[in-house]
Amino acid sequence: MATRRMVTGLLLGTAVALAGTGVPGAGAAEAIRIGFHAPLTGFAAGDGKSARLGAELAVEQINAAGGVLGRPLELVTYDDQAKPDQAVPVANKLLGEGIVAAISGSYSGATRAAAAVFQQAGMPYVSAYAIHPDITRTGDYVFRTASMGEVQGRGGAKLIGEILGQKRVVLITLDNDFGQSLARGFKEKAGDFGIEIVSEYTYGIKERQFGAIVASVKRDAPEAIYASGYFFTAGPLVSQLRAGGVRATIVGQEGYDSQNFIDIAKAAAEGVLITTALDRDSDRPEVRSFIGAFEEKAGFPADMVAASTYTAVQVLAHAIERAGGTEGKAVRDALAATRDFPTAIGPVTFNALGEIYKPIQVQVVKDGRFRRFAVIDDPVLLAPPAE
Amino acid sequence: MFYVELLIAGLVQGAMYAMMALGLTLIYGLLRILHIAHAAFFTLGGYVGVLAANSGLPLGAAAALGVLVAATAGPLVYGTVYRPLLDKPPYVALIASIGLLIAMEDGFRLLFGPYGLSFAENPWFVTGPDLGGIFLNWVQIALGLSAVLAIAGLGLFAVGSRAGVAWRATVDDPEMAMSFGVSPERVRLLAFALASALAGLAGFLVGLLNNLIEPGMGNITSYKGLAIVVLGGLGNVPGTLWASLLLGVAESFGTIYLDKILDRDAIAFFILVAVLMWRPQGLARGR
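Residues numbered from 1 in each chain as written. Chains lettered and ligands numbered in written order. Predicted model: local features only at pLDDT ≥ 70, side-chain atom pairs only at ≥ 80, totals over all residues. Heavy atoms only, no water.

## Brief notes about the interface of chain A and chain B
Taken together, the contact pairs 35 residues of chain A with 30 residues of chain B. Buried area between chain A and chain B, both sides added, is near 2700 Å², and the carbon and sulfur share of it is 55%. At the surface where chain A touches chain B, the tally comes to two salt bridges. A salt bridge links A:Lys218 to B:Glu5; its shortest N-O distance comes to 2.8 Å. Across the chain A-chain B interface, the total number found is eight residue pairs in polar contact (both at pLDDT 80 or more). Secondary-structure elements contributing two or more residues to the side of chain A that touches chain B are helix 2 (45-64), strand 7 (196-203), helix 8 (211-220), helix 9 (231-243) and helix 10 (259-265) of chain A. Per-element tally for the side of chain A that touches chain B: the top contributor is helix 8 of chain A, with seven residues. Class assignment for the residues of the side of chain A that touches chain B results in twelve nonpolar, 14 polar and nine charged. (Contact = heavy atoms within 4.5 Å. Buried area = accessible area lost by both parts, 1.4 Å probe. Salt bridge = Lys/Arg side-chain N within 4 Å of Asp/Glu carboxyl O. Polar contact = N/O pair within 3.5 Å; in protein donor to acceptor, adjacent residues only side chain to side chain. Helix = DSSP H or I, 4+ residues; strand = E, 2+ residues; numbered from the N terminus. Nonpolar A, V, L, I, M, F, W, Y, C, P; charged D, E, K, R; others polar.)

Put into structure tokens, the structure is as follows:
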């Protein structure tokens, strides 16, 4: 009796193990494994959490709807701490995990480093929200679902110079890939919109005390301030500017796009404008359903990082479906052929470089939430480079 | 006016550095340990304060609680981590200290999440006295006052009280002090309690100023604190004070006039290298 129970147990255990590892014939279809890296620890862990939740939400929804090619998707997640020197070993580990494609839910430095590894391995790779220009230039297997920094910077110039009609502008630039490429785009087009850049200040990513910059901005007396940063720098910066008596319009970008920014800056956040990818007041069904589903899963409002990573997974799944298989070249070609695929950040079409064109969503903080302020839909000004 | 504002911004920053660096220099003076993990007590004060304030305690009480918890945790860490290492070479304690900082930082991250915490209400930050165009809020004033009070208090304590005399005796010659009935152990515990209390208060006030308490918020301050301690002449309290204020003001002006050449955080270390090359005993006169 005891022996028989043991044998049954063993058999059962084996069956469960087989199902778990996805050995064909064991019942469930073998999962399609997607590599995913994001900063789950370290200074960028906040964005890493949003990215991971966004990616997981997309996978859950796709699997609930029957998966891709009749097989479930499985996310293989690693922490890269947003550091290039971590991203390379992470990318190599992912390559050893039997993945068919990979997604970056990380910042520019880590994504550039990992892109080189995936390109060399012929592994399709989608950068969700890292904005450095060189990422897609790594090669033809690399795609991006975000607007490049320069493009967003140009949008910022149009917002301030044309839509708001403000001409005296101070730049406060975060001294990294993100801030510098935004400032480059802004300066490139500032003249076209009649903007005079009174002065530019830079700060490091660890900075939280902006007393000296606040004093200088007061002296400059600009009409508007174009300040790059992430929520953890922008929150203190905006509160200190307002507490120091600066009343000029403050324009930020995607880096501000998190409820945390509003939680930090509170009343000082009111009226701050940002250029971003997610329109909270959109009436498109794919945007509405994402915003609702994300808040339900995460327990906090959707942000740009979550929306972009969610989109990257969907775009990739859509491509695998159309490729009819998981072979690298076929998936890459299908990705490159993505046309007008509706997503939470708008319809996605890749150009020859693997970049997308999308209108810039200008959101304003009103009563503690991001709301729609304007949409900049200017295919000439916002055209991504094609080579 | 602009230069006055830059100067004030620098002095406020310097006051914060002073509160951190004083603790570091006290501990170095007593134990010859570079207490890198000091940063974690700065963060601890911030977290305890923000949690207390957001659970409904008035800000003053939240500050006191943050200081109290930090002041208790400091001696505890000394007893468990440093005491067993006192007869080892100094780098052993240094490595333990770095490990402790990393562990505490990731502990905060695990406990309180990666996003950091903000004060639900931050009245001291959004109000302040009217000084004719210069905006100063109560948090900045509190930082400056705390630094002044802490330093004056320490000075009085060291000169005028029995415990202070015991302290100075222990710094000068622990064995001789012991033979006169001073317990070096009690002096060390007291040093850790005081140093951690100052760090906790600084962390709480900086948390108000940024309205953001993050797991790694103490790191830069702590590394700069080390630079300041060296600038001031290791173990030299008045020297540390001057070096803190000097660095705060240098950074304030440097952020505006040197930002194309030197990152703000590089200024401290640039001065450090220069001083080590030309005045290795520190800026102040040697003890």
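## Some thoughts on the pairing of strand 8 (residues 224-227) of chain A
Residues and elements named next belong to chain A. Side chains Ala-224 and Tyr-226 project from strand 8 onto one buried face, and the interleaved Ile-225 and Ala-227 project onto a second face that is buried too. In terms of strand pairing, strand 6 (residues 168-174) meets strand 8 through four bridges, oriented parallel. When the bridges of strand 8 are listed, Val-169 appears paired with Ala-224. Relative to strand 9 (residues 249-252), strand 8 is paired through three bridges, and the arrangement is parallel. Looking across to strand 9, one finds that Tyr-226 is bridged to Val-251. In this region the chain leaves strand 8, passes through helix 9 and returns to the parallel neighbour strand 9; the handedness of that crossover is right-handed. (Buried < 20%, exposed > 50% of the residue type's maximum accessible area, 1.4 Å probe, protein only. Pairing = 2+ DSSP bridges. Right-handed = clockwise from strand over helix to strand, strands pointing away.)

## Remarks on the environment of B:Leu272
All names here are of chain B. Mapped onto the elements, Leu-272 comes out in helix 12 (residues 264-278). Using a relative accessible area of 15% as the deciding quantity, one classes Leu-272 as buried. For the pair formed by Leu-272 and Met-104, sequence separation is 168 residues and the distance between their alpha carbons is 27 Å. In this structure Leu-272 touches Ala-227, Val-230 and Leu-231, once residues within four positions along its chain are discounted.

## What to know about the sheet that holds strand 6 of chain A
All names here are of chain A. Pairing within the open sheet is mixed, and its seven strands lie in the order 7-6-8-9-10-11-12. Every interior strand has two partners, whereas the edge strands, strand 7 and strand 12 (369-376), have only one. Going across the sheet, the axis of each strand differs from the next one's by a mean of 25°, ignoring polarity. Sheet contacts for helix 6 (residues 149-163): strand 6, strand 8, strand 9, strand 10 (273-276), strand 11 (360-366) and strand 12; angle to strand 12, the most-contacted strand, approximately 85°. (Axes fitted to C-alpha atoms, helices over the stretch in contact; angles between N-to-C directions.)

## Structural notes on the pairing of strand 2 (residues 73-79) of chain A
Residues and elements named next belong to chain A. Across seven bridges, strand 1 (residues 32-38) lies against strand 2 in parallel orientation. Across the sheet, residue His-37 finds its bridge partner in strand 2, namely Tyr-78. As for the winding sense of the linkage, the β-α-β connection from strand 1 through helix 2 to strand 2 is right-handed.

## A word on the domain arrangement of chain A
By a widely used convention, the size of an interface equals the accessible area lost when the partners come together. All names here are of chain A. Once the domains are mapped, chain A shows domain 1 (29-147 + 283-356) and domain 2 (150-276 + 362-376). Here the C-alpha centroids of domain 1 and domain 2 sit 28 Å apart. Contacts between the two partners involve 15 residues from domain 1, matched on the other side by 17 residues from domain 2. Buried area between domain 1 and domain 2, summed over both chains or domains, comes out near 1300 Å², and the portion from carbon and sulfur atoms is 59%. At the junction of domain 1 with domain 2, the criterion picks out two salt bridges. Taken together, the links from domain 1 to domain 2 amount to three residue pairs in polar contact (both at pLDDT 80 or more). (Domains from an automatic or database assignment.)

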